[in-house]
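Inside the fold
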Amino acid sequence: MHRSFPRIAALAATGLALVAAGCGGASDSTDGADAGSSSGSKSTLSLVAYSTPQVVYDELIPAFEKTTAGEGIGFKTSFGASGDQSRAVEAGQKADVVTFSTEPDMTRLQDAGLVDDFQKVSTSQVSFIVRKGNPKNIRNWDDLLKPGVSVVTPNPFTSGAAKWNLMGAFAYGGIDYVDKLIKDHVKVQDKSGREALQTFTSGTGDVLLSYYYEAITAQKKGEELDVVVPEDTLQIDLLIAKTKTAGEGTDAFIDYATGPEGQKFFADWGYDPPSGPLKPAKNLKTIEDIGGWKKLNKELFDPEAGSIAKIEEEAGVSTAK
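So, here is what we can say about the structure in this document. (Residues numbered from 1 in each chain as written. Predicted model: local features only at pLDDT ≥ 70, side-chain atom pairs only at ≥ 80, totals over all residues. Heavy atoms only, no water.)

**Description of empty space enclosed by the protein**
Where we set the bar: Put plainly, a pocket is an open set of points on a 1 Å grid over the protein atoms alone with protein on both sides within 12 Å along at least five of seven lines, a cavity is a set where a 1.4 Å probe fits but cannot get out, and a lining residue has an atom within 4 Å of a point. Grid points are joined across faces, edges and corners, and a volume is the space filled by probe spheres set on the points. Gly is put with the polar residues, along with every residue not named as nonpolar or charged; the nonpolar set is Ala, Val, Leu, Ile, Met, Phe, Trp, Tyr, Cys and Pro, and the charged set is Asp, Glu, Lys and Arg.
Enumeration according to the criterion identifies 3 cavities of 30 Å³ or more in this entry. Lining the largest cavity we find 13 residues, and of these Tyr 50, Ser 51, Ser 159, Ala 161 and Gly 193 sit closest to its centre. Partitioned by chemical class, the residues of the lining of the largest cavity number 4 nonpolar, 9 polar and no charged.

Below, the structure written as structure tokens:
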């Protein structure tokens, strides 16, 4: 069985830290050394991450390095679109810790023999980011299909965020709703959730489909926008794992990130704990409620036969990975 989500209580004891990509000014794909000097370190850990939570890890890593468990541990980090990052590790990119936004990006590495188990590091909800004051009065999924409403969401064949967004739409209205949304209202599909946010904040579109925490991050960085969580939406599960070749300190790093101290940094940036949203939408569904990743990833996103893949092709969007 591919999925393994150990209970969070069992993870709260030790120390851990991560890095992913932040909001506003951060490039979509970055590589380099992170907080703390690797000079004289007992271990240098490589974190390969999806593109949104760098702001969390920019604070979490230095805090971990100050703990007994993190003493002498250095970090190298890489951030980008979740699917791209997963494929890079599969192709040989060095990684001790991986954190991705979708389960298929983890199971790809399991199938390749690179990762055993994985677990949730945080959760969120598919939400609508709108202009300050919500001038188009966007409240629910039906409002996205109103005449004149322009929607921004990333390309689901490179972005994990986009897959969650479109599965949220699918959970609400089925494939016919997704077809109308993409063909009639989605005008821009960037490579990643981070690029989509930058497109939206630069003035394109009326609504950005995104994670709830992405809106909180943008607001904290000074962006003038609001966030709407529709009554009917989907819980997003964000995942972390160590690779089979992980170095010393990796377990402590993951324990810290998923434990109470690390989770404070996630909460400060609008993320919810692994157990689920603290303030869930009225009708909040999980991926299991609508069929599970294994079933839906094939039925919706398979480049050859997926129903959303076909819609994207008809809309002129590349389904190449």
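Now that the structure has been shown, we can carry on.
**Points about the environment of Gln 263**
Heads up, the rule is: Here a strand is any run of E in DSSP of at least two residues, a helix any run of H or I of at least four, and the numbering for each starts at the N terminus. Only protein chains enter the accessibility calculation, which uses a 1.4 Å probe; a residue is then buried when its area is under 20% of its type maximum, exposed when over 50%, and partly exposed in between.
Within the secondary structure layout, Gln 263 lies in helix H8 (residues 260-268). Residue class for Gln 263 comes out buried when judged on its relative accessible area of 13%. Once the C-alpha coordinates of Gln 263 and Val 121 are considered, the two residues, 142 residues apart in sequence, prove to be 8.4 Å apart.

**What to know about the side chain of Ser 46**
Test applied: Residue contacts are defined here by distance: any two heavy atoms, one from each residue, within 4.5 Å place the two residues in contact.
Its location among the elements puts Ser 46 in strand S2 (residues 43-50). Owing to a relative accessible area of 11%, Ser 46 belongs among the buried residues under this scheme. With sequence-adjacent residues up to four places away left out, Ser 46 is seen in contact with Lys 76, Lys 94, Ala 95, Asp 96 and Val 97.

**Observations regarding the pattern of salt bridges**
Basically, it comes down to this: One side-chain nitrogen of Lys or Arg within 4 Å of one carboxyl oxygen of Asp or Glu is enough to make a salt bridge.
Summed over all chains, the structure comprises 16 salt bridges. The partner of Glu 90 in a salt bridge is Arg 108, and the shortest N-O contact between them spans 4.0 Å. Of this pair, Glu 90 sits in helix H2 (residues 82-90) while Arg 108 sits in helix H3 (residues 103-111), placing them 18 residues apart in sequence. Residue classification places Glu 90 among the partly exposed residues on the basis of a relative accessible area of 41%. Using a relative accessible area of 18% as the deciding quantity, one classes Arg 108 as buried. For Asp 116, the salt bridge goes to Lys 244, with nearest N and O atoms at 3.5 Å.

**Quick notes on helix H9 (residues 293-301)**
Going by this rule: Comment: arc refers to directions from the helix axis out to C-beta atoms.
Within H9, the full set of buried residues consists of Trp 293, Leu 296, Asn 297, Leu 300 and Phe 301. Along the long axis of H9, the arc covered by the buried residues comes to 100 degrees, so they all point the same way. Within H9, the exposed residues directed more than 90 degrees away from the buried face are Lys 294 and Lys 298. Where H9 is buried, its residues meet H3, helix H4 (160-184) and helix H10 (307-314).

**Some details on the packing of aromatic side chains**
Counted only if it meets this: Each aromatic pair joins two rings of Phe, Tyr and Trp (for Trp, the six-membered one) with centres within 6.5 Å, and gets the label stacked for planes under 30 degrees apart, edge-to-face for over 60, and tilted for any other angle. For a ring to carry a charge above it, either NZ of a lysine or CZ of an arginine must fall within 6 Å of the ring centroid while also lying within 35 degrees of the normal to the ring plane.
Tallied over the full model, the rule gives 14 aromatic pairs. Between the aromatic rings of Tyr 211 and Tyr 213, the centroid separation amounts to 5.1 Å while the plane-to-plane angle is 70 degrees, which identifies the pairing as edge-to-face. On the basis of relative accessibility, which here comes to 2%, the residue Tyr 211 falls in the buried class. Classification of Tyr 213 as buried rests on a relative accessible area of 0%. Pairwise contacts between aromatic rings join Tyr 57, Tyr 211, Tyr 213, Phe 266 and Tyr 271 into one cluster. One residue, Arg 131, lies across the ring of Phe 200, its end atom 3.7 Å from the ring centre. Above the plane of the ring of Trp 269 lies Lys 220, whose end atom (NZ or CZ) is 4.1 Å from the centre.

**Details of the environment of Asn 137**
Put simply, the rule is: As used in this structure description, the phrase polar contact means that two N or O atoms lie within 3.5 Å; if the pair is within protein, one of them must be able to donate a hydrogen and the other to accept it, and residues adjacent in sequence are counted only when both atoms belong to side chains.
By the element assignment, Asn 137 lies in the loop between strand S5 (119-131) and strand S6 (151-152). Taking the C-alpha atoms as reference, Asn 137 lies 9.9 Å from Val 228; in sequence the two are 91 residues apart. Every residue in contact with Asn 137, bar those within four places of it in the chain, is listed here: Asp 143 and Lys 146. Side chain to side chain, Asn 137 and Arg 139 meet in a polar contact 3.1 Å long.

**Examining the pairing of strand S8 (residues 207-211)**
Our working definition: When DSSP finds two or more bridges between two strands, those strands count as paired.
Burial runs high along S8: 5 of the 5 residues are buried. Sheet topology places S5 next to S8; 5 bridges connect them, and they run antiparallel. Bridging across to S8, Val 130 finds its partner in Val 207. Judged from the 2 bridges that link them, S6 and S8 form a sheet pairing that is parallel. Along S8, the bridge assignment pairs Val 152 with Leu 208.

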